[in-house]
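Residue-level listing of the chains:
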Amino acid sequence: MATPSIQQIRPASLDSTSEPPALFDGTTRLYISYICPFAQRAWITRNFKGLQDKIELVPIDLQNRPVWYKEKVYPQNKVPSLEHNNKVIGESLDLVKYIDSNFEGPSLLPDDSEKQKFAEELIAYSDTFLREIYGNFKGDIEKHAGPQFDYLEKALDKFDDGPFFLGQFSQADIVYAPFVERFQILLKEVFNYDITSGRPKLAKWIEELNKLDSYIQTKADPKEVVDLYKKKYLA
Ligand SMILES: N[C@@H](CCC(=O)N[C@@H](CS)C(=O)NCC(=O)O)C(=O)O
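Here's what I pulled together on the structure shown here. (Residues numbered from 1 in each chain as written. Predicted model: local features only at pLDDT ≥ 70, side-chain atom pairs only at ≥ 80, totals over all residues. Heavy atoms only, no water.)

A closer look at the overall build of the chain
Looking only at helices and strands, one finds nine helices and four strands in the chain. Put simply, the chain runs from its N terminus to its C terminus through helices and strands in the order β-α-β-α-β-β-α-α-α-α-α-α-α. The C-alpha radius of gyration of the chain comes to 18 Å, within 12% of the 18 Å expected for a compact globule of 235 residues. Once the C-alpha set of the chain is aligned to its principal axes, its extents read approximately 50 × 45 × 45 Å. Sorting the 235 residues of the chain into buried and exposed places 48% on the buried side. A separation of at least 24 residues holds for 72% of the contacts in the chain among residues at least 6 apart in sequence. A total of about 11800 Å² of accessible surface is found on the chain, and carbon and sulfur atoms cover 49% of it. (Helix = DSSP H or I, 4+ residues; strand = E, 2+ residues; numbered from the N terminus. Rg over C-alpha atoms; globule rule 2.2 N^0.38 Å. Buried < 20%, exposed > 50% of the residue type's maximum accessible area, 1.4 Å probe, protein only. Contact = heavy atoms within 4.5 Å. Areas by Shrake-Rupley, 256 points an atom, 1.4 Å probe, with all protein chains shown as cover.)

Here it is in structure tokens:
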């Protein structure tokens, strides 16, 4: 029997014509959009911890959002959000930490305090990383984005007991992976800029990420990424 493709195991997105799920019935639900890198962070966390049966994935069509999402689930009207224990929480960085510490499954932070401190530093830097790159899509991309990828290359040099930021796969990798995925596609396609050129550790990090099912299953459609970003940033 053929292995089901990644797309086949993805539930269909709910749109303005869809009925809401049975909200606050005790089911834990992670609301995402397949194209959203912030939501992808929480989705990878859920997958890596093996919580596919404990946290139901509810994809939303952001272009044609159901009104009940804002009214009944998450007034901020953004994804990701998590319905858990009769409340709804949002913000991807908080959700990565929340899912990691409130559910079973392998921990996404090592015991080593030096590594924990470095994870905090990397996670705290992620907003600056994004701002520097997104904010310069119309400018000299090499000048502005280059130092950001150099930052990652240097960070990957800190621990040598594995290919990830802390050696082993952790929250820090999850925070950056969805964005590096998109920037790699987009900068190559639009600016012919290869983010891995001269950055062997970053190249290896991407290669190793692409061996993890929990990440592979969440990857965005590259064509959709390019179309969306061109429309948003380069029109
Ligand atoms: N700071 C938020 C950002 C989430 C976010 O901007 N999500 C986008 C999709 S990628 C969204 O829901 N946009 C809908 C809107 O702004 O109306 C997080 O980290 O979770």
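Focus: the nonpolar core
Core analysis: the largest hydrophobic core is formed by 46 residues, its most contacted members being Phe149, Phe183 and Trp205. Taken together, the elements giving at least two residues each to this core come down to helix H4 (113–134), helix H5 (141–155), helix H6 (171–191), helix H7 (200–209) and helix H9 (222–234). When residues in this core are grouped by element, the largest group, ten residues, is from H6. Other than its neighbours up to four places away in sequence, Phe149 contacts Phe129, Ile133, Phe183, Leu187, Tyr193, Ile195, Arg199 and Leu202. (Core = buried A, V, L, I, M, F, W, Y, C linked by side-chain atoms within 4.5 Å.)

Some details on the packing of aromatic side chains
In total, this model carries 17 aromatic pairs according to the counting rule given. On the basis of an interplanar angle of 50 degrees and a centroid distance of 5.4 Å, the ring pair of Tyr31 and Tyr69 is categorised as tilted. Remark: Tyr69 occurs in helix H2 (residues 67–73) and Tyr31 occurs in strand E1 (residues 28–32); sequence separation between them is 38 residues. Per residue, the accessibility class of Tyr31 equals that of Tyr69, and both read buried. Seen from their ring centres, Tyr134 and Phe183 are 5.1 Å apart, and the 70 degrees between their planes marks the pair as edge-to-face. Pair noted here: Tyr134 is in helix H4 and Phe183 is in helix H6, with a separation of 49 residues, a long-range link. Of the two residues, Tyr134 and Phe183, neither departs from the other in class, the shared state being buried. An aromatic cluster of at least three residues, connected via ring pairs, comprises Phe38, Phe129, Tyr134, Phe149, Phe165, Tyr176, Phe179, Phe183, Trp205 and Tyr229. The positively charged end of Lys158 is found above the aromatic ring belonging to Phe118, 5.1 Å away from the centroid. (Phe/Tyr/Trp six-rings, centres within 6.5 Å; stacked < 30°, edge-to-face > 60°. Lys NZ or Arg CZ within 6 Å of the ring centre and 35° of its normal.)

Digging into H6
In this model H6 runs 30 Å from its N-terminal to its C-terminal C-alpha over 21 residues, within 8% of the 30 Å that 1.5 Å per residue would give. If you look at H6, its biggest bend is around 35 degrees, right at Ala177, and the proline Pro178 turns up within four residues after that. Two residues or fewer past H6, Asn192 is found with a positive phi of approximately 50 degrees. (Expected span 1.5 Å × (residues − 1). Bend = angle between axes of the 7 residues up to and from the residue.)

Quick word on the packing of H4 against H6
Across the interface, H4 lies against H6 with an axial gap of 9 Å and an inter-helix angle of 15 degrees. Viewed along their axes, H4 and H6 adopt a mutual orientation that is roughly parallel. The hand of the H4/H6 crossing is left-handed. Packed against H4, whose contacting residues are Ala119, Leu122, Ile123, Tyr125, Ser126, Phe129, Leu130, Ile133 and Tyr134, the element H6 presents Gln171, Ala172, Val175, Tyr176, Phe179, Val180 and Phe183 at the interface. Of the residues assigned to the contact of H4 with H6, the class counts are 14 nonpolar, two polar and no charged. (Axes fitted to C-alpha atoms, helices over the stretch in contact; angles between N-to-C directions. Parallel < 35°, antiparallel > 145°, perpendicular 65-115°, else oblique. Left-handed = near helix turned anticlockwise from the far one by under 90°. Nonpolar A, V, L, I, M, F, W, Y, C, P; charged D, E, K, R; others polar.)

Details of the sheet that holds E1
Strand order in the open sheet made by the four strands is E2-E1-E3-E4, with mixed pairing throughout. Edge strands, defined here as strands with exactly one partner in the open sheet, are strand E2 (55–59) and strand E4 (87–90). On average, each strand axis in the sheet is inclined to that of its neighbour by 20 degrees, with strand direction left out of account. Sheet topology note: the E1/E2 ladder contains five bridges and is parallel. Across the sheet, Leu30 pairs through a bridge with Leu57, a residue of E2. The sheet contacts of helix H1 (residues 37–48) involve E1 and E2, and relative to E1 the element is tilted by about 145 degrees. Across the face of the sheet, helix H3 (residues 92–102) comes into contact with E2, strand E3 (81–84) and E4 while running at roughly 120 degrees to E4. (Pairing = 2+ DSSP bridges.)

Function-wise, these values are silent; they only describe arrangement.
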